[in-house]
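Chain by chain, the residues run as shown.
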Amino acid sequence: MREGRSLKTVDIRHTHGTTGRINLELERLGYNTPNTSAVERQNATARQHTPHMHRKGLAFAHKRITRVGLAELVRLDYNWVKTCRSLKVELPEKMGRQKYLKRTPAMVVGLTDRVFTLGELLATPIHALGGAG
């Protein structure tokens, strides 16, 4: 609910699923109230890394296959190539000036033990990365 330009209250409504099932899933994820921030954060990250998704970008992807391919490339890059500050862990002992081990999401879930370069990722068969096939 708004008063003028100020947001005063938010009414939370469940549009899909039962209240019991939604509350069970929220508890499993560690949330107390419904929260779309995780999904919105992922959407914003995808938009930042994919120029054709920018509102006023100069890149175009009119064909569906191009959009899907670009989205998959961004997903692979995000999970296998880009390190995430929130996933770093402190090294048992410093290696030169390096105090933390930078990790990718694929490293955290145990799919790999190293950060790939984009070139290595594109040259690697999917089955070697643990995918289907």
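Being a predicted model, the structure only gives us computed values, none of them experimental.

Undergrad: Would you explain the nonpolar core in this entry?
TA: The nonpolar side chains of a soluble globular protein tend to be buried, and buried together. Leu76, Trp80, Val81, Ala106, Phe116 and Leu121 together form the largest nonpolar core, which totals six residues. Per-element tally for this core: the top contributor is helix α3 (residues 64-81), with three residues.

Undergrad: I keep staring at the packing of aromatic side chains and nothing clicks. Help me out?
TA: For any pair of aromatic rings, the description consists of the separation of the ring centres together with the inter-plane angle of the planes. Per the counting criterion, the structure on display carries one aromatic pair. Over the ring of Tyr100 we find Lys88, and its NZ or CZ is 4.3 Å from the ring centre. Lying across the ring of Phe116, Arg114 places its NZ or CZ 4.2 Å from the centre.

Undergrad: Help me understand the side chain of Thr112, please; the structure alone is not making it clear to me.
TA: If you trace the backbone, Thr112 turns up in the loop between α4 (105-108) and α5 (118-123). Engagement of the side chain of Thr112 in a polar contact is seen with the backbone nitrogen of Arg114, the distance being 3.4 Å. If we skip the residues at most four places from it in the chain, Thr112 touches Trp80, Ala106 and Met107.

Undergrad: What is the right way to look at the environment of Thr66 in this model?
TA: With respect to the helices and strands, Thr66 occurs in helix α3. Considering only alpha carbons, one finds Thr66 and Leu101, 35 residues apart in sequence, at a separation of 35 Å.

Undergrad: Is there a simple way to think about a nonpolar patch on the surface in this case?
TA: Together, Leu70, Leu73, Leu118 and Leu122 make up a nonpolar patch on the protein surface, roughly 320 Å² of accessible area in all. Residue placement: Leu118 occurs in helix α5.

Thresholds applied
Residues numbered from 1 in each chain as written. Predicted model: local features only at pLDDT ≥ 70, side-chain atom pairs only at ≥ 80, totals over all residues. Heavy atoms only, no water. Core = buried A, V, L, I, M, F, W, Y, C linked by side-chain atoms within 4.5 Å. Buried < 20%, exposed > 50% of the residue type's maximum accessible area, 1.4 Å probe, protein only. Helix = DSSP H or I, 4+ residues; strand = E, 2+ residues; numbered from the N terminus. Phe/Tyr/Trp six-rings, centres within 6.5 Å; stacked < 30°, edge-to-face > 60°. Lys NZ or Arg CZ within 6 Å of the ring centre and 35° of its normal. Polar contact = N/O pair within 3.5 Å; in protein donor to acceptor, adjacent residues only side chain to side chain. Contact = heavy atoms within 4.5 Å. Patch = residues over 30% accessible without salt bridge, like charges linked within 9 Å, V, L, I, M, F, W, Y side chains within 5 Å. Areas by Shrake-Rupley, 256 points an atom, 1.4 Å probe, with all protein chains shown as cover. Salt bridge = Lys/Arg side-chain N within 4 Å of Asp/Glu carboxyl O.

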